[in-house]
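# Examining the three-dimensional arrangement
Here is what each chain is made of, one letter per residue.
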Amino acid sequence: MAVRIVREEGDEILRKKSKEVDEVNDKIRELLDDMVDTMHKYNGVGLSAVQVGILKRLVVIDLYDNKGPIKLVNPVIIKTKGEQEVEEGCLSFPNQYAKMIRPTEVVAEALDENGKKIKIKAKGLLAQAICHELEHLDGILFIDNMIPNTLQYVEPDKSE
Ligand code: NI
């Protein structure tokens, strides 16, 4: 388990398309664990492998509820429903937030960390996080689809 370096805005790897994972083995599980550590270190809700410099279709999400971190291998969204206006940020864009429109509900399929096929029905913040992280796998960033002129820089709270 280790915290990895998060690639930030301007790093060209963030624009690349990630490749499907052929086999969910120990190396993939170790990477997923490192991604969870990295996400937790920076208080993120989600992280994709490309953000730690690895072009594999891997995503971790944690809403800090009792469900624990979710680890997804080769995730795809198969259904979306509704619209919600949300505020969104990204660990690759520290302290920046923008408004955007996301679906209120998504259904996604993926493999879990044991290579078992799973289906996730998500609403609200989880739906938003799934959309955001899956876009990373195709080199799409939240600033691409934000509502124009809503990007804000928020000074970090140094009291924490
Ligand atoms: Ni992001």
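Residues numbered from 1 in each chain as written. Predicted model: local features only at pLDDT ≥ 70, side-chain atom pairs only at ≥ 80, totals over all residues. Heavy atoms only, no water.

### A closer look at the pattern of salt bridges
Counted only if it meets this: Here a salt bridge means any side-chain nitrogen of Lys or Arg lying within 4 Å of a carboxyl oxygen belonging to Asp or Glu. Strands are runs of DSSP state E lasting at least 2 residues, helices are runs of H or I lasting at least 4, and numbering of each runs from the N terminus. Each residue is placed in one exposure class: buried if its accessible area under a 1.4 Å probe, protein chains only, is under 20% of its type's maximum, exposed if it is over 50%, and partly exposed if it falls in between.
Counting across every chain of the model gives 10 salt bridges. One salt bridge connects Asp138 with Lys17, and the closest N-O pair in it is separated by 2.9 Å. Here the residue Asp138 occupies a position in the loop between α2 (124-136) and β8 (152-153), and Lys17 occupies one in the segment before α1 (26-41), the gap between them amounting to 121 residues. The shortest N-O distance in the salt bridge between Arg29 and Asp26 comes to 2.9 Å. Linking Arg29 with Asp26, this pair stays in helix α1, spanning three residues, or about one helical turn. Looking at Arg29, the relative accessible area reads 23%, which means it is partly exposed. Classification of Asp26 as exposed rests on a relative accessible area of 57%. Salt bridges sharing partners connect three or more residues here, namely Lys17, Arg57 and Asp138.

### Observations regarding the sheet that holds strand β5 (residues 93-102)
To be explicit about the condition: Note on pairing: two strands pair once DSSP finds at least 2 bridges between them. By definition, residues are in contact when any of their heavy atoms lie within 4.5 Å. To obtain each axis, a line is fitted to C-alpha atoms, and for helices this fit is confined to the stretch in contact; angles are then taken between N-to-C directions over 0 to 180 degrees.
Reading across the sheet, the three strands line up as β4-β5-β8 and stay open at both edges, with antiparallel pairing between neighbours. Two strands close off the open sheet at either side, each with one partner strand: β4 (84-90) and β8. The strands touched by α2 within the sheet are β4 and β5, with β4 carrying the most contacts at an inclination of about 50°.

### A word on the coordination of the nickel ion
To keep it simple, the criterion reads: In this description, a donor is an N, O or S atom within 2.8 Å of the metal centre, a cutoff extended to 3.2 Å for sodium, potassium and calcium. Water is not part of the atom list, which can make sites seem incomplete.
Binding of the nickel ion to the protein goes through Cys90 (SG), His132 (NE2) and His136 (NE2), at separations of 2.0 to 2.2 Å. Motif for the nickel ion, donor spacing along one chain: C-x41-H-x3-H. Taken together, the residues span a long stretch of sequence, with Cys90 in strand β4 and His132 in helix α2 at a distance of 42 residues. Side by side, Cys90 and His132 carry an identical accessibility label, which is buried.

### Here's the deal with the sheet that holds strand β6 (residues 105-111)
Taken together, the five strands give an open sheet; going across it, the order is β1-β2-β3-β6-β7, and neighbouring strands pair in antiparallel fashion. Of all strands in the sheet, those with a lone pairing partner are β1 (46-48) and β7 (117-123), marking the two edges. Put simply, the sheet's adjacent strands are angled 40° from each other on average, direction ignored. Relative to β7, β6 is paired through seven bridges, and the arrangement is antiparallel. Looking at the pairing, Val107 lines up with Lys121 of β7. Packed onto the sheet, α1 meets β1, β2 (58-61) and β3 (70-81) and runs at close to 40° relative to β2.

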